[in-house]
Amino acid sequence: MQKRFELVSKSEVLSPLRKELRQLLGQGGWEKKSTEEILLAIDEALTNIIRHAYGGQPGAMVVLFDDGPEKTEIILEDCGKKFDPTQVPPPELPRHKPGGLGVHFIRTIMDRVVYDEAFKEGNRLHLIKFKSKKLKGEGAL
Amino acid sequence: MKIQMTCQGDIHILELVGELDYHSSPELREKLNELSAKQAPKILVNLKGVDYMDSSGIATFVEAFQKTKRYQGRLILAELTDTVRGVFEIAKLESIFEISPTVDEAFTRLGAKA
């Protein structure tokens, strides 16, 4: 099952998008806890696009949701300033200062986070969650 | 997100309903800033109605916690839903905050009765 969302980089788009993705993740067989965690990872990645890639200015964001029998993959694209979240150093936890946890959430929740360096127009980030523990261990795509 | 602010004795209570994310957290930050600016001694945040929270929500509470700590105030978070508790756990912040399972217990901790 695939679905494409074309969005404007505004914070008010996050909640309605979560509502649609929550339904799709449920249809993909994810139970409530995992669904909410995956939503959180997507949300954090989109918040980074809004804040860092576009600096709070409106721009285009695309969310490609791709659910298969072995994994769920979410691809996020934007045309903003280059921002590679995989290069953000891990925070020291517990963090006593506000902020700096978004990328930690993404890394903790998703099995694979891949930043596409070949994507020239802006940023493309792949968030992957495997449905079986075996595949997680193999780190297969 | 709906934020209802009430007062019981010297305890300021914020009851939140809805989703706490990058869009809604500035409103909560503003309310908490108002309270810390006037050095409210005891702040109780009831999270029973919050079914979603992201790192912006966490950051808002970390900031409020630091501000209240500076003037020896107290901030207690009560009635976390499973989803919200999970976010605190991923951030490894459960031990930093004062967290109460119920509002009644939070009131008791703060030296009042609900």
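Residues numbered from 1 in each chain as written. Chains lettered and ligands numbered in written order. Predicted model: local features only at pLDDT ≥ 70, side-chain atom pairs only at ≥ 80, totals over all residues.

(A) Quick look at the overall build of chain B. Across its full length, chain B carries four helices and five strands. The secondary structure elements of chain B, listed N-terminal to C-terminal, are β-β-α-β-α-β-α-β-α. Projecting the C-alpha coordinates of chain B onto the three principal axes gives extents of approximately 30 × 25 × 25 Å. Burial analysis of chain B (114 residues in total) assigns 45% to the buried set. Here the analysis covers contacts within chain B between residues at least 6 apart in sequence; of these, 72% occur between residues at least 24 apart. (Helix = DSSP H or I, 4+ residues; strand = E, 2+ residues; numbered from the N terminus. Buried ≥ 20, exposed ≤ 12 C-beta atoms within 10 Å, placed from the backbone. Contact = placed C-beta atoms within 7 Å.)

(B) Region of the structure containing the nonpolar core. Counting residues in each nonpolar core, the largest one holds 65 residues, and the members touching the most others are Ala41(A), Ile42(A), Ala45(A), Leu127(A), Leu44(B) and Ile58(B). Counting residues per element, this core draws most heavily on helix 2 (residues 32–53) of chain A, which supplies 10 residues. Setting aside chain neighbours within four positions, we find Ala45(A) in contact with Leu76(A), Pro85(A), Ile106(A), Leu125(A) and Leu127(A). (Core = buried A, V, L, I, M, F, W, Y, C linked by C-beta atoms within 7 Å.)

(C) Summary view of the confidence of the model for chain B. Model confidence for chain B is summarised by a mean pLDDT of 95, while 98% of its residues fall at 70 or above. Scored as a whole, the predicted complex attains pTM 0.92, and scored at its interfaces, ipTM 0.90. (pLDDT = per-residue confidence, 0-100.)

(D) Representation of the packing of helix 2 of chain A against helix 3 (residues 102–109) of chain A within the structure. Residues and elements named next belong to chain A. Interaxial distance between helix 2 and helix 3 falls to 9 Å at its minimum, and their mutual angle equals 140 degrees. Compared by their axis directions, helix 2 and helix 3 come out oblique. For the pair helix 2 and helix 3, the sense of crossing is left-handed. Contact residues: helix 2 offers Glu-37, Ile-38, Leu-40, Ala-41, Glu-44, Ala-45, Thr-47 and Asn-48, while helix 3 offers Gly-102, Phe-105, Ile-106 and Ile-109. (Axes fitted to C-alpha atoms, helices over the stretch in contact; angles between N-to-C directions. Parallel < 35°, antiparallel > 145°, perpendicular 65-115°, else oblique. Left-handed = near helix turned anticlockwise from the far one by under 90°.)

(E) View of the sheet that holds strand 2 (residues 11–20) of chain B. Residue and element names in this part refer to chain B. One open sheet holds the five strands; their spatial order is 1-2-3-4-5, and the pairing between them is mixed. Each edge of the open sheet carries a strand with a single partner, namely strand 1 (2–8) and strand 5 (98–100). The mean inter-strand angle of the sheet, taken between neighbouring strand axes irrespective of direction, is 25 degrees. Direction of pairing for strand 3 (residues 42–53) relative to strand 4 (residues 74–78): parallel, over a ladder of five bridges. Each residue of the ladder has a partner; that of Val-45, found in strand 4, is Leu-77. Relative to the sheet, helix 2 (residues 55–70) contacts strand 2, strand 3 and strand 4, its axis offset from that of strand 4 by approximately 150 degrees. (Pairing = 2+ DSSP bridges.)

(F) Region of interest: the sheet that holds strand 1 (residues 2–8) of chain A. All names here are of chain A. The five strands lie next to each other as 1-2-3-5-4, forming an open sheet whose pairing is antiparallel. The open sheet has two free edges, formed respectively by strand 1 and strand 4 (112–115), since each of these has just one partner strand. Taking each pair of neighbouring strands and ignoring which way they run, the sheet shows an average axis angle of 15 degrees.

(G) A look at the interface of chain B and chain A. Listed by partner, the interface residues are 21 residues for chain B and 22 residues for chain A. For the side of chain B that touches chain A, the secondary-structure elements that each account for two or more residues are helix 2 and helix 3 (82–90) of chain B. The greatest single-element share of the side of chain B that touches chain A, amounting to six residues, is contributed by helix 2 of chain B.

(H) Inspection of unusual backbone geometry at higher detail. Backbone torsion omega between Leu93(A) and Pro94(A) reads -5 degrees, so that peptide bond is classified as cis. Tracing the backbone through its elements, the reader meets Pro94(A) in the loop between strand 3 (71–78) and helix 3. Despite not being glycine, Gln72(B) shows a phi value in the positive range, around 60 degrees. Looking at where Gln72(B) falls in the secondary structure, it is placed in the loop between helix 2 and strand 4.

(I) Spotlight on the packing of helix 1 (residues 25–37) of chain B against helix 2 of chain B. Residues and elements named next belong to chain B. It is the contact of helix 1 with helix 2, at a shortest axis distance of 10 Å, that shows an interaxial angle of 5 degrees. One finds that helix 1 runs roughly parallel with respect to helix 2. When helix 1 is examined against helix 2, the residues Ser-25, Leu-28, Arg-29, Leu-32 and Ser-36 are found in contact with a partner set consisting of Ser-56, Gly-57, Thr-60, Glu-63, Ala-64, Lys-67 and Thr-68. Across the contact of helix 1 with helix 2, the residue classes break down as three nonpolar, six polar and three charged. (Nonpolar A, V, L, I, M, F, W, Y, C, P; charged D, E, K, R; others polar.)

(J) Looking closely at helix 3 of chain A. Turning to helix 3 of chain A, its buried residues are Gly102(A), Val103(A), Phe105(A), Ile106(A) and Ile109(A). Buried residues of helix 3 of chain A, viewed axially, fall in a sector of 155 degrees; they line one side. (Arc of directions from axis to C-beta.)

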